[in-house]
Each structure stands twice: as C-alpha cells, then as structure tokens.
Amino acid sequence: MPLLPGAEPFRHEGGEVGVLLCHGFTGSPQSLRPWADHLAERGLTVSLPLLPGHGTRWEDMAVTGWQDWYAEVDRELRALGERCERVFVFGLSMGGALSLRLAARHGDAVSGLVLVNPANKVHGLSAYALPVARHLVRTTAGVADDIALAGAHEVGYDRVPLHAAHSLRQFFRLVDGELPQVTQPLLVLRSPQDHVVPPADSARILSRVSSTDVTEILLEQSYHVATLDHDAERIFDESYRFIGRLAPSVGKKGSTSGG
C-alpha cells in the first residue's frame, strides 16, 4: 500500500546526541517533520518512525494495536541508544503517551522528554461504549487537522477505526499507571485551545510523574497539531534549548546555540 504524501519515516545521522520523535494517533511523520528537520540541521541524530498501520489508509490501522505502535518506538529507541551517548524522546498527542512509557520502562536510557499536547485518556461517553461499539461500527469521524494556521494541513486519516481506538484506550490506562516511574526532565508544551486533547490530560500527567525538573509552556496561538501551527518555531527552539541545557555539548561544534 503506497504511503500518503509526506508520511515517510525520517532518519538523520548526526552527532552523539539523538532524538526520537513519536507522532500521534491516525497521524504520520509529516506532522513532526519540520521539527525533525530543525533538529537535524543542528547536528543531532534524529529518528522519526512511521507507526504501524499509519500513513496509508485507515483499514490498515484497524488491524493494529498499541503493542504494534509501542514496539516500533521501542525498537527505534534501542537503535539510537546504540548509536548515541544521550537520547531524548519527543512526542505529539498519543506520541506523548508512547514517549512516557519509553521513559518509564527504559530509565536512564532516556535523558529527557518533550511532550506537545500529550494525550492521557479517551474522553466522553463514547469511550465506555468502545468495547461493544467496535464490533458494530467500524469507524468514527477523524481527529486530524486541528490547526489554527490558515493553509496548514496534517496528513492523517479522516476516519478512526474503532478497534484501534479501543486499543488506544487500553494503552492510555496502562501508561497512566506507569507515570510515577517517569523521573526524567520533562518539558510539556500545550495549547489552551486544543479541540482534540483537553487540558486535563497534561494536568494529569504532570500530577503523576515523579520528575522534579518540569517545565510547562502554553502555546496560546495554536490548536492540537501545534508542531504545524503558529507556535511551531517556539516548540522547535524551546526543545533545542532543553536539550542544550541537559547535554551541554550540543551546539558547540559550529551549530546554532539553543540559548
């Protein structure tokens, strides 16, 4: 099955500091590609994988679940760990939940987390109906393209397969229980005007992690897919600065300083 335009995975061989970027549910690497390019241009080693079932058609996603999506980012983290001295994990939406689980399970192998509008729960009464509804209805309306910037577009599915949504709900519950195991430095950037993930998700994450080095930044001009929105450059700059603070060697070899 051919990939949607822009949905290709991206990898860049750079220096001793690596970054793994995790895209969101029904989305694709396209939503994070400008972020990945920004980091690669500054000499970092970057991995932006395509999650199984994503980037083609929703029917392909319907036969995948959280175990498949997590296994992909787990594999990429291990590969970066073999290549780099320090590895950071960045995530958007469900990619934030994937990032948190990597941090909880891999400990010191993850040097820090940057989460943009991280998701923690499937909300609404429909969530409770998923175990039954997924056997009666195949899909529901999609969640892609929540962007304030005129002309910006997210490559993602216009339908959500309910089997995958049910698996996502199970995954969120699993990750929520593991949040106290997250101890790494944490930067959360969230949009007050997010029509996909409510503020309660970030608040829940921040209240349950064990991290002591925590920063929260509000993205006042953006909606859910903030990495393609008005605040994209701020996300890129703040995340690079975050890495530079924790891995001081970054930016000292002819690259632009994050400070």
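Residues numbered from 1 in each chain as written. Predicted model: local features only at pLDDT ≥ 70, side-chain atom pairs only at ≥ 80, totals over all residues. Heavy atoms only, no water.

**Q** Any details on the packing of helix α3 (residues 66-83) against helix α6 (residues 162-178)? Residues and values, ideally.
**A** With their axes 9 Å apart at the nearest point, α3 and α6 run at an angle of 60 degrees to one another. Taken together, α3 and α6 sit at an angle that is classed as oblique. Contact with α3, carried on its side by W66, Q67 and W69, involves A164, S167, L168, Q170, F171 and L174 of α6 and no other residues of that element. For the contact of α3 with α6, a count of residues per class yields 6 nonpolar, 3 polar and no charged. (Axes fitted to C-alpha atoms, helices over the stretch in contact; angles between N-to-C directions. Helix = DSSP H or I, 4+ residues; strand = E, 2+ residues; numbered from the N terminus. Parallel < 35°, antiparallel > 145°, perpendicular 65-115°, else oblique. Contact = heavy atoms within 4.5 Å. Nonpolar A, V, L, I, M, F, W, Y, C, P; charged D, E, K, R; others polar.)

**Q** Tell me about the packing of aromatic side chains, and name the residues and values.
**A** In the structure shown here, the tally under the stated rule is 5 aromatic pairs. When the centroid spacing of 6.2 Å and the interplanar angle of 75 degrees are considered together, the rings of F88 and F242 count as edge-to-face. Of the two residues, F88 sits in strand β4 (residues 86-92) while F242 sits in helix α8 (residues 232-246), which places them 154 residues apart along the sequence. F242 shares its class with F88; the two are buried. An aromatic cluster of three or more residues is present, and its members are W35, F90 and F236. Its guanidinium or amino end placed over the ring of Y70, R101 lies 4.8 Å from that ring's centre, counting from NZ or CZ. (Phe/Tyr/Trp six-rings, centres within 6.5 Å; stacked < 30°, edge-to-face > 60°. Buried < 20%, exposed > 50% of the residue type's maximum accessible area, 1.4 Å probe, protein only. Lys NZ or Arg CZ within 6 Å of the ring centre and 35° of its normal.)

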